[in-house]
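# Close look at the chain arrangement
Residues per chain, in single letters:
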Amino acid sequence: MSKKNRIETIFHNRRPDQKIMSLFVTAGYPEVEKTPELVVELTKSGADIIELGMPFSDPLADGPTIQFANKTAIDQGVNIESIFEMVRRIREKSEVPVVLMGYINPVLKFGLNSFFSRAAECGVDGVIIPDAPPGELPELDELAAGNGIATIYLVAPNTPDERMKEIDKRSSGFVYCVSVAGVTGARKGAEVSRSVTSFIQRVTSNVTKNPVLIGFGISSHEDAVQISKEVDGFIVGSALIDKIREEYPASDWIQKTADFVKVLKIGEHQKQVM
Ligand SMILES: O=P(O)(O)OC[C@@H](O)[C@@H](O)c1c[nH]c2ccccc12
């Protein structure tokens, strides 16, 4: 992969005690025109990586919050081409690593070859395609690598050790550790922390080449700190979208969302002493 990949740079430059925070938003939610501005503001509030969801009508791994965001975006006509345009606009203002996250069908329909070359042109740094298991589409890995784009694969509690090693080998950028079996969605803190410790130990002993980010169900700074202790950082999606949904369409919805992100990153207390 090319040296300039922004995801690599982020992990390379981070301080030893710093947890990388990746935020997921559905491209075009709540408004197509606002996605670039929202992303730039999230970055100013501490997002280290942005995952842009490519909305799909049948999002198998997603819970109600992201399904709702998907539907809102699709109803506004969001498609892969318009998402590339959003990334291009983000790049006018920010060097934040952008990962496109979505399902394989629309990508295949767009054409793998043109998908990866256009993605690279617009400044995309990585892809997460949960229903394209590592090894099943070798041309996807080749095209991504050829265009300097990281392929981020997922490990889950039901992934055997040997498979985790294989996933690590085939991944670049980072490995996405899905903390619980099930779909995306904010969960209560206790539920997040209880069952995952031994799973995380298994992940950190099998995934040795790539950094590991953990996601699914994180909704507060406290959850994030606790669950990411042994890994390189964390991912938040549904809780952020819930927040946007709560604030939108008041005129200050972006600012309110950005404030929520500051607290997610550093905690309520630190925010007050800043
Ligand atoms: O929403 P949560 O529970 O905070 O989880 C992150 C998640 O939203 C994001 O990374 C994601 C959105 N759709 C997915 C599908 C599969 C895996 C991960 C995802």
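What you see is a predicted model; the values in this text were computed from it and never measured.

Next up on the list: the site of the ligand. The environment of the ligand is made up of 19 residues, and the closest members are Phe-24, Ala-61, Thr-184, Gly-237 and Ser-238. Of all elements in the fold, only β2 (49-53), β9 (233-236) and α12 (238-247) reach the threshold of two or more residues within the shell around the ligand. Residues that form the shell around the ligand fall into these classes: ten nonpolar, seven polar and two charged.

So, on to the environment of Val-196. In this structure, Val-196 sits in the loop between α9 (189-194) and α10 (197-206). Classification of Val-196 by C-beta neighbours within 10 Å gives buried; the count is 20. Residues Val-196 and Leu-154 lie 42 residues apart in sequence; the distance between their C-alpha atoms is 15 Å. Excluding residues that lie within four positions of it along the chain, Val-196 makes contacts with Ser-179 and Ile-227.

This next bit is on unusual backbone geometry. The omega torsion of the bond from Tyr-29 to Pro-30 falls at -5 degrees, within 30 degrees of zero and hence cis. As for its position among the elements, Pro-30 is in the loop between β1 (20-26) and α2 (35-44). Here the bond from Tyr-248 into Pro-249 is cis, since omega is 5 degrees, no more than 30 degrees from zero. Structurally, Pro-249 is set in the loop between α12 and α13 (253-266).

We now examine helix α1 (residues 6-13). Considered for burial, the residues of α1 that qualify are Arg-6, Ile-7, Glu-8 and Ile-10. Close packing links the buried residues of α1 with β1, β2, β4 (126-128) and β5 (150-151).

Okay, the UniProt feature "active site" (unreviewed entry) in the chain next. Listed under "active site" (unreviewed entry) in the UniProt record, and renumbered for this structure, are Glu-51 and Asp-62. On the secondary structure map, Glu-51 appears in strand β2. With 27 C-beta atoms packed within 10 Å, Glu-51 lands in the buried category. The contact partners of Glu-51, leaving out residues within four places of it in the chain, are Ser-22, Leu-23, Phe-24, Val-99, Met-101, Ile-128 and Ile-235. Looking at the element boundaries, Asp-62 is found in the loop between β2 and α3 (64-75). Not counting the four nearest positions on each side in its chain, Asp-62 is found in contact with Gln-67, Asn-70, Val-183 and Thr-184.

Cut-offs and rules
Residues numbered from 1 in each chain as written. Predicted model: local features only at pLDDT ≥ 70, side-chain atom pairs only at ≥ 80, totals over all residues. Near = placed C-beta within 6 Å. Helix = DSSP H or I, 4+ residues; strand = E, 2+ residues; numbered from the N terminus. Nonpolar A, V, L, I, M, F, W, Y, C, P; charged D, E, K, R; others polar. Buried ≥ 20, exposed ≤ 12 C-beta atoms within 10 Å, placed from the backbone. Contact = placed C-beta atoms within 7 Å. UniProt positions renumbered as here; feature names shortened; annotations may be inferred.

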